[in-house]
Amino acid sequence: MYNFKGLLFHLSISACLIGCSDEDDSPDIEFQAPIAIEATSIGEDGFTANWIEVLSADSYLLDVSAEEDFSAFVGNLQDVPTSGSSYKVSGLEDNTTYYYRLRAVAGSEVSAFSNSSQVRTAEMEEPFVPVDQPDIPLKDYADFPIGMAVQAGRMTALYDQRLSGEFTSLTAEYEMKMNIMYPSSDSFNFEQADAIVEYAEANDMQVHGHALIWHNATPSWVTNFSGTNQEFEQMVEDYITTVVTRYKGRVRSWDVVNEAIEDGNGQLRNSVFLQKMGADYVAKCHQWARNADPDVLLFYNDYNIEFDAQKQQAMLDLVDDFIDRGVPIDGVGFQMHISYNFPSKSQLESITGEVVNRGLMVHYSELDVRANPNGTLTQLNDTRAEEQGAKVEEVVSIFASIPTDQRFAITVWGLRDSDTWLIDFWGNPEWPLLFYDDFKPKPAHTGFLRGLGWQP
Ligand code: XIL
(Lines give C-alpha, C1' and ligand atoms only; values in the text may rest on other atoms or scores of the structure.)
Protein backbone atom coordinates (compact mmCIF):
# COMPACT_ATOMS: atom_id res chain seq x y z
CA MET A 1 0.00 0.00 0.00
CA TYR A 2 1.21 3.50 -0.80
CA ASN A 3 2.37 5.39 2.29
CA PHE A 4 0.55 8.70 2.02
CA LYS A 5 1.58 9.87 5.49
CA GLY A 6 5.25 9.23 4.74
CA LEU A 7 4.99 11.17 1.52
CA LEU A 8 3.50 14.22 3.24
CA PHE A 9 6.25 14.22 5.83
CA HIS A 10 8.82 13.98 3.10
CA LEU A 11 7.28 16.92 1.24
CA SER A 12 7.21 19.05 4.36
CA ILE A 13 10.93 18.40 4.94
CA SER A 14 11.73 19.34 1.34
CA ALA A 15 9.59 22.44 1.58
CA CYS A 16 11.44 23.49 4.68
CA LEU A 17 14.85 22.76 3.23
CA ILE A 18 14.11 25.02 0.32
CA GLY A 19 12.33 27.69 2.31
CA CYS A 20 14.47 27.86 5.48
CA SER A 21 17.11 30.52 5.71
CA ASP A 22 20.55 29.69 7.15
CA GLU A 23 20.25 32.43 9.79
CA ASP A 24 17.14 30.86 11.26
CA ASP A 25 18.01 29.08 14.56
CA SER A 26 14.66 27.39 14.89
CA PRO A 27 14.55 23.69 14.17
CA ASP A 28 14.79 22.73 10.56
CA ILE A 29 11.51 21.02 10.59
CA GLU A 30 8.40 22.43 12.16
CA PHE A 31 5.21 20.58 11.88
CA GLN A 32 1.80 21.15 13.24
CA ALA A 33 0.95 20.39 16.87
CA PRO A 34 -1.95 17.97 17.41
CA ILE A 35 -5.25 19.31 18.76
CA ALA A 36 -6.40 17.96 22.10
CA ILE A 37 -10.16 17.41 22.09
CA GLU A 38 -12.69 16.38 24.70
CA ALA A 39 -12.04 13.32 26.83
CA THR A 40 -14.48 10.39 26.64
CA SER A 41 -15.25 7.32 28.78
CA ILE A 42 -14.89 9.43 31.90
CA GLY A 43 -14.92 7.25 34.99
CA GLU A 44 -14.03 7.51 38.65
CA ASP A 45 -10.36 6.75 38.10
CA GLY A 46 -9.63 7.75 34.54
CA PHE A 47 -10.72 8.78 31.10
CA THR A 48 -9.80 8.41 27.46
CA ALA A 49 -7.75 11.34 26.17
CA ASN A 50 -8.50 12.18 22.53
CA TRP A 51 -6.80 14.33 19.94
CA ILE A 52 -6.84 15.14 16.28
CA GLU A 53 -3.88 13.55 14.60
CA VAL A 54 -1.23 15.34 12.65
CA LEU A 55 -0.67 13.84 9.23
CA SER A 56 3.09 13.80 9.40
CA ALA A 57 3.35 12.39 12.94
CA ASP A 58 4.68 8.92 13.77
CA SER A 59 3.70 9.10 17.42
CA TYR A 60 2.75 11.46 20.24
CA LEU A 61 3.89 12.42 23.71
CA LEU A 62 1.11 12.87 26.24
CA ASP A 63 1.20 14.89 29.47
CA VAL A 64 -1.40 14.73 32.20
CA SER A 65 -1.45 17.24 35.03
CA ALA A 66 -3.70 18.37 37.81
CA GLU A 67 -2.34 21.90 37.25
CA GLU A 68 -3.59 24.03 34.41
CA ASP A 69 -0.05 25.29 33.73
CA PHE A 70 1.44 21.77 33.76
CA SER A 71 3.86 22.81 36.51
CA ALA A 72 3.70 19.24 37.78
CA PHE A 73 2.58 15.94 36.32
CA VAL A 74 0.45 13.13 37.57
CA GLY A 75 2.68 10.19 38.53
CA ASN A 76 4.83 9.43 35.52
CA LEU A 77 2.31 10.78 33.03
CA GLN A 78 4.79 13.09 31.36
CA ASP A 79 5.87 12.54 27.76
CA VAL A 80 4.05 9.26 27.64
CA PRO A 81 4.71 7.85 24.16
CA THR A 82 1.60 6.79 22.31
CA SER A 83 0.13 6.60 18.83
CA GLY A 84 -3.23 6.80 17.17
CA SER A 85 -5.76 9.40 18.33
CA SER A 86 -6.63 8.31 21.86
CA TYR A 87 -5.06 7.06 25.07
CA LYS A 88 -6.70 5.51 28.09
CA VAL A 89 -5.52 7.25 31.26
CA SER A 90 -6.13 5.43 34.54
CA GLY A 91 -5.11 5.41 38.19
CA LEU A 92 -6.46 8.93 38.85
CA GLU A 93 -8.37 10.39 41.80
CA ASP A 94 -12.15 10.56 41.54
CA ASN A 95 -13.96 13.91 41.31
CA THR A 96 -10.76 15.77 40.32
CA THR A 97 -9.95 18.08 37.43
CA TYR A 98 -7.11 17.09 35.13
CA TYR A 99 -5.54 18.59 32.01
CA TYR A 100 -3.85 16.85 29.16
CA ARG A 101 -1.82 18.00 26.20
CA LEU A 102 0.29 16.40 23.50
CA ARG A 103 3.18 16.85 21.18
CA ALA A 104 3.57 15.09 17.89
CA VAL A 105 6.77 13.24 17.04
CA ALA A 106 8.15 12.57 13.60
CA GLY A 107 11.53 10.90 13.51
CA SER A 108 13.74 13.01 15.74
CA GLU A 109 11.50 16.06 15.46
CA VAL A 110 8.96 17.07 18.08
CA SER A 111 6.10 19.53 17.54
CA ALA A 112 5.00 22.32 19.85
CA PHE A 113 2.44 21.47 22.56
CA SER A 114 -1.17 21.15 21.65
CA ASN A 115 -3.82 23.14 23.46
CA SER A 116 -4.74 21.57 26.78
CA SER A 117 -8.01 19.74 27.31
CA GLN A 118 -9.73 19.76 30.69
CA VAL A 119 -11.57 16.81 32.18
CA ARG A 120 -13.09 16.05 35.59
CA THR A 121 -13.21 12.45 36.78
CA ALA A 122 -16.53 11.10 38.04
CA GLU A 123 -17.47 11.14 41.68
CA MET A 124 -17.03 7.82 43.43
CA GLU A 125 -20.38 6.45 44.60
CA GLU A 126 -20.62 5.67 48.28
CA PRO A 127 -21.07 1.91 48.57
CA PHE A 128 -24.72 1.08 49.29
CA VAL A 129 -25.15 -0.01 52.91
CA PRO A 130 -28.62 -1.54 53.23
CA VAL A 131 -30.82 -0.73 56.18
CA ASP A 132 -31.46 -3.85 58.32
CA GLN A 133 -34.90 -5.31 57.78
CA PRO A 134 -37.05 -7.43 60.09
CA ASP A 135 -36.08 -11.05 59.59
CA ILE A 136 -39.48 -12.74 59.77
CA PRO A 137 -40.34 -15.75 57.57
CA LEU A 138 -42.98 -15.03 54.94
CA LYS A 139 -44.64 -18.36 55.56
CA ASP A 140 -45.44 -17.35 59.14
CA TYR A 141 -47.83 -14.71 57.82
CA ALA A 142 -49.23 -16.31 54.66
CA ASP A 143 -52.44 -18.29 54.39
CA PHE A 144 -51.67 -19.29 50.81
CA PRO A 145 -48.58 -20.98 49.31
CA ILE A 146 -45.51 -18.81 48.80
CA GLY A 147 -43.35 -20.26 46.06
CA MET A 148 -39.74 -20.01 44.98
CA ALA A 149 -38.17 -20.83 41.61
CA VAL A 150 -35.22 -23.13 42.22
CA GLN A 151 -32.42 -24.97 40.50
CA ALA A 152 -31.61 -28.47 41.72
CA GLY A 153 -27.93 -27.73 42.37
CA ARG A 154 -28.52 -24.66 44.51
CA MET A 155 -30.62 -26.01 47.36
CA THR A 156 -27.87 -26.44 49.95
CA ALA A 157 -26.42 -24.66 52.98
CA LEU A 158 -27.53 -21.06 53.56
CA TYR A 159 -29.68 -21.16 50.45
CA ASP A 160 -31.49 -24.16 51.85
CA GLN A 161 -32.05 -22.39 55.19
CA ARG A 162 -33.76 -19.44 53.56
CA LEU A 163 -35.66 -21.56 51.08
CA SER A 164 -37.15 -23.96 53.59
CA GLY A 165 -37.52 -21.27 56.22
CA GLU A 166 -39.59 -18.88 54.12
CA PHE A 167 -41.33 -20.77 51.32
CA THR A 168 -44.00 -23.43 50.99
CA SER A 169 -44.03 -24.11 47.24
CA LEU A 170 -41.36 -24.86 44.65
CA THR A 171 -41.17 -24.31 40.92
CA ALA A 172 -38.26 -25.55 38.85
CA GLU A 173 -36.69 -22.50 37.22
CA TYR A 174 -35.81 -24.55 34.13
CA GLU A 175 -35.25 -28.20 34.99
CA MET A 176 -38.84 -29.39 34.41
CA LYS A 177 -39.02 -28.01 30.89
CA MET A 178 -39.11 -30.22 27.82
CA ASN A 179 -35.58 -29.45 26.59
CA ILE A 180 -34.20 -30.79 29.88
CA MET A 181 -36.62 -33.66 30.53
CA TYR A 182 -36.86 -34.94 26.94
CA PRO A 183 -33.50 -34.07 25.36
CA SER A 184 -33.69 -36.63 22.57
CA SER A 185 -36.41 -38.80 21.07
CA ASP A 186 -35.14 -41.90 22.86
CA SER A 187 -34.26 -40.55 26.30
CA PHE A 188 -35.87 -38.84 29.25
CA ASN A 189 -33.96 -37.07 32.02
CA PHE A 190 -35.81 -36.69 35.29
CA GLU A 191 -32.78 -36.39 37.53
CA GLN A 192 -33.04 -32.70 38.46
CA ALA A 193 -36.83 -32.72 38.42
CA ASP A 194 -36.82 -35.64 40.85
CA ALA A 195 -34.35 -33.84 43.13
CA ILE A 196 -36.60 -30.79 43.28
CA VAL A 197 -39.72 -32.85 43.97
CA GLU A 198 -37.89 -34.84 46.67
CA TYR A 199 -36.66 -31.65 48.32
CA ALA A 200 -40.21 -30.32 48.37
CA GLU A 201 -41.53 -33.51 49.91
CA ALA A 202 -38.79 -33.55 52.54
CA ASN A 203 -39.63 -29.95 53.47
CA ASP A 204 -43.39 -30.13 53.35
CA MET A 205 -43.73 -27.95 50.27
CA GLN A 206 -45.99 -28.26 47.25
CA VAL A 207 -44.57 -28.38 43.71
CA HIS A 208 -45.93 -26.35 40.84
CA GLY A 209 -44.88 -27.94 37.56
CA HIS A 210 -43.47 -25.55 34.98
CA ALA A 211 -43.94 -25.98 32.07
CA LEU A 212 -45.10 -28.90 29.91
CA ILE A 213 -44.90 -26.98 26.64
CA TRP A 214 -42.91 -23.78 26.09
CA HIS A 215 -41.66 -22.59 22.71
CA ASN A 216 -38.45 -21.34 24.35
CA ALA A 217 -37.58 -24.68 25.95
CA THR A 218 -38.34 -27.05 23.12
CA PRO A 219 -35.55 -29.52 22.30
CA SER A 220 -34.20 -29.13 18.79
CA TRP A 221 -35.26 -32.64 17.78
CA VAL A 222 -38.86 -31.50 18.43
CA THR A 223 -38.47 -28.16 16.67
CA ASN A 224 -37.06 -30.03 13.67
CA PHE A 225 -39.36 -33.02 14.03
CA SER A 226 -38.86 -35.44 11.18
CA GLY A 227 -42.17 -37.39 11.25
CA THR A 228 -45.70 -36.56 10.12
CA ASN A 229 -47.99 -34.10 11.90
CA GLN A 230 -49.92 -37.03 13.30
CA GLU A 231 -46.75 -38.55 14.70
CA PHE A 232 -45.82 -35.16 16.15
CA GLU A 233 -49.15 -34.90 17.94
CA GLN A 234 -48.83 -38.44 19.27
CA MET A 235 -45.34 -37.63 20.55
CA VAL A 236 -46.66 -34.54 22.41
CA GLU A 237 -49.51 -36.53 23.93
CA ASP A 238 -47.11 -39.27 25.03
CA TYR A 239 -44.72 -36.74 26.52
CA ILE A 240 -47.40 -34.97 28.54
CA THR A 241 -48.85 -38.31 29.67
CA THR A 242 -45.44 -39.63 30.72
CA VAL A 243 -44.48 -36.52 32.70
CA VAL A 244 -47.82 -35.87 34.39
CA THR A 245 -48.17 -39.56 35.26
CA ARG A 246 -44.68 -39.70 36.70
CA TYR A 247 -45.41 -36.86 39.10
CA LYS A 248 -49.06 -37.70 39.71
CA GLY A 249 -49.98 -36.89 43.31
CA ARG A 250 -46.56 -35.26 43.87
CA VAL A 251 -46.81 -32.24 41.60
CA ARG A 252 -49.96 -30.33 42.49
CA SER A 253 -50.32 -28.25 39.35
CA TRP A 254 -48.84 -27.65 35.90
CA ASP A 255 -48.40 -24.76 33.54
CA VAL A 256 -49.54 -26.62 30.46
CA VAL A 257 -48.67 -24.36 27.53
CA ASN A 258 -46.54 -21.45 28.66
CA GLU A 259 -46.75 -18.18 26.71
CA ALA A 260 -48.97 -19.42 23.87
CA ILE A 261 -50.03 -15.89 22.91
CA GLU A 262 -47.93 -13.72 20.63
CA ASP A 263 -46.89 -10.17 21.58
CA GLY A 264 -48.34 -7.37 19.54
CA ASN A 265 -51.24 -9.08 17.79
CA GLY A 266 -53.01 -11.31 20.31
CA GLN A 267 -52.76 -14.29 17.96
CA LEU A 268 -51.55 -17.71 19.01
CA ARG A 269 -47.78 -17.78 18.87
CA ASN A 270 -46.50 -19.30 15.67
CA SER A 271 -44.64 -22.17 17.37
CA VAL A 272 -43.90 -25.62 16.02
CA PHE A 273 -46.85 -26.83 18.12
CA LEU A 274 -49.30 -24.49 16.39
CA GLN A 275 -47.84 -25.32 13.00
CA LYS A 276 -48.07 -29.07 13.40
CA MET A 277 -51.15 -29.47 15.58
CA GLY A 278 -53.35 -26.51 14.63
CA ALA A 279 -55.11 -23.89 16.76
CA ASP A 280 -56.67 -26.39 19.17
CA TYR A 281 -53.33 -27.66 20.39
CA VAL A 282 -53.50 -25.76 23.71
CA ALA A 283 -56.87 -27.37 24.55
CA LYS A 284 -55.56 -30.81 23.57
CA CYS A 285 -52.54 -30.45 25.84
CA HIS A 286 -54.81 -29.50 28.74
CA GLN A 287 -57.00 -32.52 28.10
CA TRP A 288 -54.04 -34.93 27.95
CA ALA A 289 -52.67 -33.54 31.21
CA ARG A 290 -56.04 -33.97 32.91
CA ASN A 291 -56.42 -37.48 31.53
CA ALA A 292 -53.08 -38.42 33.10
CA ASP A 293 -53.94 -36.96 36.53
CA PRO A 294 -57.59 -36.13 37.23
CA ASP A 295 -56.62 -34.16 40.36
CA VAL A 296 -53.85 -32.02 38.95
CA LEU A 297 -54.54 -28.28 38.63
CA LEU A 298 -53.95 -26.85 35.17
CA PHE A 299 -52.83 -23.29 34.46
CA TYR A 300 -52.50 -21.01 31.50
CA ASN A 301 -49.35 -18.95 32.22
CA ASP A 302 -48.10 -15.86 30.37
CA TYR A 303 -46.24 -12.53 30.69
CA ASN A 304 -47.40 -8.96 30.02
CA ILE A 305 -50.99 -10.06 30.59
CA GLU A 306 -50.69 -7.84 33.67
CA PHE A 307 -51.11 -4.75 31.47
CA ASP A 308 -51.08 -5.40 27.69
CA ALA A 309 -54.74 -4.98 26.69
CA GLN A 310 -54.48 -7.02 23.50
CA LYS A 311 -52.76 -9.91 25.23
CA GLN A 312 -55.23 -9.73 28.11
CA GLN A 313 -58.15 -10.01 25.71
CA ALA A 314 -56.54 -12.95 23.92
CA MET A 315 -55.93 -14.69 27.26
CA LEU A 316 -59.50 -14.09 28.41
CA ASP A 317 -60.85 -15.32 25.05
CA LEU A 318 -58.81 -18.50 25.37
CA VAL A 319 -59.99 -19.05 28.94
CA ASP A 320 -63.66 -18.32 28.08
CA ASP A 321 -63.49 -20.71 25.15
CA PHE A 322 -62.08 -23.46 27.42
CA ILE A 323 -64.80 -22.87 30.01
CA ASP A 324 -67.51 -22.91 27.31
CA ARG A 325 -66.24 -26.12 25.80
CA GLY A 326 -65.45 -27.87 29.07
CA VAL A 327 -61.70 -27.96 28.36
CA PRO A 328 -60.02 -28.45 31.74
CA ILE A 329 -58.47 -25.28 33.14
CA ASP A 330 -58.15 -24.32 36.80
CA GLY A 331 -56.31 -21.08 36.80
CA VAL A 332 -54.26 -18.36 35.18
CA GLY A 333 -50.63 -17.62 35.94
CA PHE A 334 -49.56 -14.00 35.70
CA GLN A 335 -45.80 -14.18 35.47
CA MET A 336 -45.40 -10.72 37.12
CA HIS A 337 -42.07 -9.76 35.65
CA ILE A 338 -42.75 -6.16 36.56
CA SER A 339 -40.91 -2.98 37.60
CA TYR A 340 -40.91 -0.88 40.75
CA ASN A 341 -42.97 1.76 38.93
CA PHE A 342 -45.04 -0.28 36.47
CA PRO A 343 -47.74 -1.55 35.97
CA SER A 344 -50.10 0.37 38.22
CA LYS A 345 -52.16 -0.96 41.07
CA SER A 346 -55.41 -0.48 39.16
CA GLN A 347 -54.07 -2.33 36.12
CA LEU A 348 -53.14 -5.30 38.30
CA GLU A 349 -56.42 -5.21 40.17
CA SER A 350 -58.62 -5.08 37.12
CA ILE A 351 -57.10 -8.03 35.24
CA THR A 352 -56.86 -10.10 38.42
CA GLY A 353 -60.55 -9.36 38.91
CA GLU A 354 -61.37 -10.58 35.39
CA VAL A 355 -59.84 -13.96 36.16
CA VAL A 356 -61.42 -14.14 39.61
CA ASN A 357 -64.85 -13.36 38.07
CA ARG A 358 -64.50 -16.41 35.88
CA GLY A 359 -64.18 -18.60 38.96
CA LEU A 360 -60.55 -19.50 38.24
CA MET A 361 -57.57 -19.61 40.57
CA VAL A 362 -54.86 -16.96 40.31
CA HIS A 363 -51.13 -17.61 40.41
CA TYR A 364 -48.65 -14.73 40.47
CA SER A 365 -46.19 -17.18 39.11
CA GLU A 366 -42.77 -15.60 38.47
CA LEU A 367 -42.63 -12.45 40.55
CA ASP A 368 -39.61 -10.21 40.18
CA VAL A 369 -39.63 -6.44 40.39
CA ARG A 370 -37.04 -4.56 38.39
CA ALA A 371 -35.32 -1.84 40.40
CA ASN A 372 -33.32 -0.62 37.40
CA PRO A 373 -35.64 -0.79 34.38
CA ASN A 374 -33.84 2.07 32.58
CA GLY A 375 -30.39 0.74 33.33
CA THR A 376 -29.33 4.03 34.94
CA LEU A 377 -28.27 2.66 38.33
CA THR A 378 -24.92 1.03 38.93
CA GLN A 379 -25.93 -0.02 42.43
CA LEU A 380 -29.15 -0.24 44.40
CA ASN A 381 -29.92 2.64 46.78
CA ASP A 382 -32.26 3.10 49.76
CA THR A 383 -34.89 5.07 47.88
CA ARG A 384 -35.17 2.57 45.05
CA ALA A 385 -35.10 -0.38 47.45
CA GLU A 386 -38.04 1.18 49.35
CA GLU A 387 -39.94 1.90 46.12
CA GLN A 388 -39.45 -1.69 45.11
CA GLY A 389 -40.71 -2.80 48.51
CA ALA A 390 -43.81 -0.65 48.09
CA LYS A 391 -44.55 -2.32 44.73
CA VAL A 392 -44.15 -5.79 46.24
CA GLU A 393 -46.50 -4.80 49.08
CA GLU A 394 -49.05 -3.61 46.52
CA VAL A 395 -48.86 -6.84 44.51
CA VAL A 396 -49.13 -9.05 47.58
CA SER A 397 -52.05 -7.09 49.03
CA ILE A 398 -53.95 -7.32 45.74
CA PHE A 399 -53.37 -11.07 45.78
CA ALA A 400 -54.36 -11.34 49.45
CA SER A 401 -57.74 -9.77 48.68
CA ILE A 402 -58.67 -12.56 46.22
CA PRO A 403 -61.27 -14.98 47.67
CA THR A 404 -59.41 -17.62 49.66
CA ASP A 405 -60.15 -20.64 47.48
CA GLN A 406 -59.04 -18.79 44.33
CA ARG A 407 -55.60 -17.85 45.70
CA PHE A 408 -53.31 -20.44 44.24
CA ALA A 409 -49.89 -19.00 45.16
CA ILE A 410 -47.39 -16.22 44.72
CA THR A 411 -44.12 -17.60 43.37
CA VAL A 412 -40.97 -15.46 43.41
CA TRP A 413 -38.56 -16.00 40.51
CA GLY A 414 -35.28 -16.46 42.38
CA LEU A 415 -33.97 -16.12 45.93
CA ARG A 416 -31.09 -13.62 45.99
CA ASP A 417 -30.59 -10.70 43.64
CA SER A 418 -27.61 -12.34 41.99
CA ASP A 419 -29.71 -15.45 41.26
CA THR A 420 -31.99 -13.54 38.90
CA TRP A 421 -32.32 -14.45 35.23
CA LEU A 422 -32.94 -10.73 34.45
CA ILE A 423 -29.28 -9.67 34.52
CA ASP A 424 -28.56 -11.90 31.53
CA PHE A 425 -31.90 -11.17 29.92
CA TRP A 426 -31.67 -7.36 29.96
CA GLY A 427 -27.90 -6.95 30.21
CA ASN A 428 -28.22 -4.36 33.02
CA PRO A 429 -27.33 -4.49 36.68
CA GLU A 430 -30.52 -5.57 38.45
CA TRP A 431 -31.76 -6.35 41.98
CA PRO A 432 -35.31 -7.64 41.49
CA LEU A 433 -35.72 -10.17 44.32
CA LEU A 434 -36.40 -10.34 48.07
CA PHE A 435 -32.94 -11.12 49.44
CA TYR A 436 -29.50 -9.58 49.16
CA ASP A 437 -26.64 -11.79 48.09
CA ASP A 438 -25.77 -12.50 51.74
CA PHE A 439 -29.33 -13.86 52.17
CA LYS A 440 -30.43 -10.92 54.32
CA PRO A 441 -33.97 -9.70 53.65
CA LYS A 442 -34.48 -6.57 51.54
CA PRO A 443 -37.20 -3.92 51.86
CA ALA A 444 -38.89 -5.99 49.12
CA HIS A 445 -39.17 -8.81 51.67
CA THR A 446 -40.57 -6.38 54.25
CA GLY A 447 -43.03 -5.18 51.60
CA PHE A 448 -44.09 -8.78 51.04
CA LEU A 449 -44.66 -9.17 54.80
CA ARG A 450 -46.71 -5.97 54.90
CA GLY A 451 -48.77 -7.15 51.96
CA LEU A 452 -49.53 -10.27 53.98
CA GLY A 453 -50.83 -8.12 56.82
CA TRP A 454 -47.73 -8.05 59.03
CA GLN A 455 -47.23 -4.83 60.95
CA PRO A 456 -44.13 -3.66 62.77
C1 XIL B 1 -36.20 -18.55 32.58
C2 XIL B 1 -35.26 -19.03 33.66
O3 XIL B 1 -35.28 -18.10 34.72
C4 XIL B 1 -33.88 -19.16 33.12
O5 XIL B 1 -33.03 -19.74 34.09
C6 XIL B 1 -33.92 -20.04 31.87
O7 XIL B 1 -32.66 -20.09 31.33
C8 XIL B 1 -34.89 -19.48 30.86
O9 XIL B 1 -36.14 -19.38 31.44
N10 XIL B 1 -40.85 -16.87 31.51
C11 XIL B 1 -40.94 -18.14 31.97
C12 XIL B 1 -39.78 -18.75 32.66
O13 XIL B 1 -42.01 -18.74 31.92
O14 XIL B 1 -39.70 -20.13 32.42
C15 XIL B 1 -38.50 -18.10 32.26
O16 XIL B 1 -37.48 -18.61 33.08
C17 XIL B 1 -38.59 -16.60 32.38
C18 XIL B 1 -39.66 -16.06 31.49
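Residues numbered from 1 in each chain as written. Predicted model: local features only at pLDDT ≥ 70, side-chain atom pairs only at ≥ 80, totals over all residues. Heavy atoms only, no water.

J.: An account of the overall build of the protein is requested, with residue identities and associated values reported.
T.: Along the protein, the regular secondary structure elements total 13 helices and 18 strands. A globule of 456 residues ought to have a C-alpha radius of gyration of about 23 Å, yet the protein, at 32 Å, is considerably larger. The C-alpha extent of the protein, read off along each of the three principal axes, is 105 × 60 × 40 Å. Taking all 456 residues of the protein together, the buried fraction comes to 51%. Counting only contacts in the protein whose residues sit at least 6 apart along the sequence, the fraction spanning at least 24 positions is 72%. Computed over 29 positive and 71 negative side-chain charges, the inter-centroid distance for the protein is 9 Å. (Helix = DSSP H or I, 4+ residues; strand = E, 2+ residues; numbered from the N terminus. Rg over C-alpha atoms; globule rule 2.2 N^0.38 Å. Buried < 20%, exposed > 50% of the residue type's maximum accessible area, 1.4 Å probe, protein only. Contact = heavy atoms within 4.5 Å. Lys, Arg positive; Asp, Glu negative; His and termini not counted. Charge placed at Lys NZ, Arg CZ, Asp CG, Glu CD.)

J.: So, the environment of Gln151: which residues are in play, and what are the values?
T.: Inspection of the secondary structure puts Gln151 in the loop between β9 (146-150) and α2 (157-166). Residue classification places Gln151 among the buried positions, given a relative accessible area of 17%. Residues contacting Gln151, with those up to four places away along its chain left out, are Glu173, Tyr174 and Glu175. Among the polar contacts listed, one links the side chain of Gln151 to the side chain of Glu173, at a separation of 3.0 Å. (Polar contact = N/O pair within 3.5 Å; in protein donor to acceptor, adjacent residues only side chain to side chain.)

J.: Residues and numbers for a nonpolar patch on the surface, please.
T.: Together, Ile35, Ile37 and Ile52 give the surface a local cluster of nonpolar side chains, amounting to about 230 Å² of exposed area. Along the chain, the position of Ile37 falls in strand β1 (residues 35-40). (Patch = residues over 30% accessible without salt bridge, like charges linked within 9 Å, V, L, I, M, F, W, Y side chains within 5 Å. Areas by Shrake-Rupley, 256 points an atom, 1.4 Å probe, with all protein chains shown as cover. Salt bridge = Lys/Arg side-chain N within 4 Å of Asp/Glu carboxyl O.)

J.: Could you give an account of the site of the ligand, with specific residues and numbers?
T.: Around the ligand, the neighbouring residues are Glu173, Lys177, His210, Trp214, Asn258, Glu259, Gln335, His337, Glu366, Trp413 and Trp421. Here an oxygen atom of the ligand and a side-chain polar atom of His210 are 2.7 Å apart. Burial of the ligand by the surrounding chains reaches 79%, relative to a free accessible area of 410 Å². Here the shell around the ligand is built from residues that sort into 3 nonpolar, 4 polar and 4 charged. (Near = heavy atom within 4 Å. Nonpolar A, V, L, I, M, F, W, Y, C, P; charged D, E, K, R; others polar.)

J.: Residue-level account of the sheet that holds strand β5 (residues 86-90), with values.
T.: Read across the open sheet, the 3 strands follow the order β1-β2-β5; overall the sheet is antiparallel. Both outer strands of the open sheet, β1 and β5, are each paired with one neighbouring strand and no more. For this sheet, the mean inter-axis angle between neighbouring strands, taken without regard to orientation, is 25°. In terms of strand pairing, strand β2 (residues 46-52) meets β5 through 5 bridges, oriented antiparallel. Counterpart to Phe47 in the pairing with β5 is Val89. (Pairing = 2+ DSSP bridges. Axes fitted to C-alpha atoms, helices over the stretch in contact; angles between N-to-C directions.)

J.: Break down the environment of Ser65 for me, with residues and values.
T.: By secondary structure assignment, the location of Ser65 is in strand β3 (residues 59-65). Since its relative accessible area comes to 0%, Ser65 is described here as buried. C-alpha of Ser65 to C-alpha of Tyr87: the two residues are 22 residues apart in sequence and 15 Å apart in space. Residues contacting Ser65, with those up to four places away along its chain left out, are Phe70, Ala72, Phe73, Val74, Tyr98 and Tyr99. Within the local environment of Ser65, its side chain forms a polar contact with the backbone nitrogen of Glu67, the two atoms lying 2.8 Å apart.

J.: Let's hear about the confidence of the model for the protein: which residues, and what values?
T.: For the protein, per-residue confidence averages 94 on the pLDDT scale, and residues scoring 70 or more make up 93% of the total. For residues 1-24, every residue scores under 50 in pLDDT, and the model assigns this stretch 13 contacts once sequence neighbours within four places are set aside. (pLDDT = per-residue confidence, 0-100.)

J.: Run through helix α6 (residues 229-246), naming residues and quoting values.
T.: Relative to the 26 Å expected for 18 residues at 1.5 Å per residue, α6 spans 26 Å between its end C-alpha atoms, a close match to the ideal helical length. Taken together, the buried positions of α6 are occupied by Phe232, Met235, Val236, Tyr239, Ile240, Val243 and Val244. Take α6 and look down its axis: the buried residues cluster within an arc of 145°, on one side only. Those residues of α6 that are buried are in contact with α3 (178-181), β12 (213-214), α5 (220-223), β13 (253-258), α7 (272-277) and α8 (281-292). (Expected span 1.5 Å × (residues − 1). Arc of directions from axis to C-beta.)

J.: Any details on the pattern of salt bridges? Residues and values, ideally.
T.: For the structure on display, the rule yields 24 salt bridges. For Glu166, the salt bridge goes to Arg162, with nearest N and O atoms at 2.8 Å. Highlighted residues: Glu166 and Arg162, both in helix α2, separated by 4 residues, approximately one helical turn. Accessibility assignment for this pair places Glu166 and Arg162 in one class, buried. A salt bridge links Glu387 to Arg384, with the nearest nitrogen and oxygen atoms 3.0 Å apart. One end of the pair is Glu387 and the other is Arg384, both in helix α11 (residues 382-400) and 3 residues apart, which spans about a single turn.

J.: Got a sec to walk through unusual backbone geometry? Specific residues and values, please.
T.: Residue Ala211 is reached from His210 by a cis peptide bond, and omega for that bond is -10°. As for its placement among the helices and strands, Ala211 is situated in the loop between β11 (206-209) and β12. Between Phe342 and the following residue, Pro343, the backbone shows a cis peptide bond with an omega angle of -5°. Residue position: Pro343 is located in the loop between β16 (337-339) and α10 (345-357). In this model, Asp79 sits at a positive phi of 55°, which is unusual for a non-glycine residue.

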